[in-house]
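Single-letter residue listing:
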Amino acid sequence: MEIDYKNQNNNSIGVLNDLFEIDYIFENEPIKRTFEEPNFKDKQFSLEKLKNIISEVSNCDLKKNASKIVFSDGDPQSPIMIVGEGPGQKEDELGKPFVGDAGVLLNKMLEAINIKRPNVYITNVVNYRPPNNRKPEPSEINKYSVFLREHINIIDPKILILMGSTAMEALFGQTLKISKERGKWKEIIVNQKTYQTILTFHPAYLLRQPDQKKYSWNDLKMIRKRIDELKISI
Ligand code: URA
């Protein structure tokens, strides 16, 4: 079965064979319509399955040049999911996102709003290091955005934080400008569920442009406020 993923503007962004090979079972039992939180085991299983699918991606220059897949870090049960751009050298070496200089700053940014890094879930748009740390091409962003959407669907966070233009483009298309869109709450629909999403500058950009940190600080305070309003415990 093929799934035709659409972005917010109803444009097709890619076709993927059914990730989960759902079997439809018809039984003489009442259908259970109550909503249940996916349990930890289900999530782990789905994440493993997604990771395997990404590790078998073919025809991909990113994968060819990288030493290993960089899938995610943190707590899959977290109400907060953070999406960056793609692995750098350190991440490629260690197989974990945000472990280099940008990761050190990300940890400090989280601490500034009283969040410990192990309590969030972190991933990137692309799961393989782009050669020479170049920005992923639009075609690569589109290709991996299908996996990212599935990743969001599995984690099912209460708040989604998109860091930098690549994460923004993966979910909102190429037309927006991060400098204009950061610091605003937006809604993104993934698999028929609406997620509260905020765009903010990427920590690597802040390392290059420290004068922009004041805007990120505003964004971080907005995130803390929303966490408190929603009574999210983290
Ligand atoms: N930059 C990113 O976007 N992701 C990482 O994992 C590291 C640096």
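See the structure above.
Bear in mind that the values here come from a model prediction, so they are computed numbers and not experimental data.

A. Geometry of the packing of helix H5 (residues 138–155) against helix H6 (residues 165–172). Where H5 contacts H6, the two axes come as close as 9 Å, and the packing angle between them is 80 degrees. What the angle tells us is that H5 and H6 run roughly perpendicular. Here H5 contributes Ile141, Ser145, Leu148, Arg149 and Ile152 to the contact with H6, which in turn contributes Thr166, Glu169, Ala170 and Leu171. The residue makeup of the contact of H5 with H6, split by class, is 5 nonpolar, 2 polar and 2 charged.

B. Fine view of the sheet that holds strand E3 (residues 73–74). Taken in spatial order, the 6 strands of this open sheet run E3-E5-E4-E6-E8-E7, and their pairing is mixed. With one partner strand each, in any of the chains shown, E3 and strand E7 (185–190) form the two edges of the open sheet. As defined by bridge partners, strand E4 (residues 80–84) adjoins strand E6 (residues 159–163) across 4 bridges and the pair is classed as parallel. Looking at E6, one finds that Met81 is bridged to Leu160. Here helix H9 (residues 213–229) sits on the sheet and contacts E4, E6, E7 and strand E8 (193–200); the angle it forms with E8, its principal contact strand, is near 150 degrees.

C. Region of the structure containing the layout of surface pockets. Its volume calculated, the second largest pocket comes out at about 620 Å³. Around the second largest pocket, the lining comprises 25 residues; the ones closest to its centre are Glu85, Ala102, His202, Ala204 and Arg208. No other element matches helix H8 (residues 203–208), which puts 4 residues into the lining of the second largest pocket. Tallied by class, residues from the lining of the second largest pocket come to 9 nonpolar, 10 polar and 6 charged.

What counts as what
- Residues numbered from 1 in each chain as written.
- Predicted model: local features only at pLDDT ≥ 70, side-chain atom pairs only at ≥ 80, totals over all residues.
- Heavy atoms only, no water.
- Axes fitted to C-alpha atoms, helices over the stretch in contact; angles between N-to-C directions.
- Helix = DSSP H or I, 4+ residues; strand = E, 2+ residues; numbered from the N terminus.
- Parallel < 35°, antiparallel > 145°, perpendicular 65-115°, else oblique.
- Contact = heavy atoms within 4.5 Å.
- Nonpolar A, V, L, I, M, F, W, Y, C, P; charged D, E, K, R; others polar.
- Pairing = 2+ DSSP bridges.
- 1 Å grid on protein atoms, 1.4 Å probe; cavity = no way out; pocket = protein on both sides within 12 Å on 5 of 7 lines; lining within 4 Å.
- Points joined across faces, edges and corners; volume = space filled by probe spheres on them.

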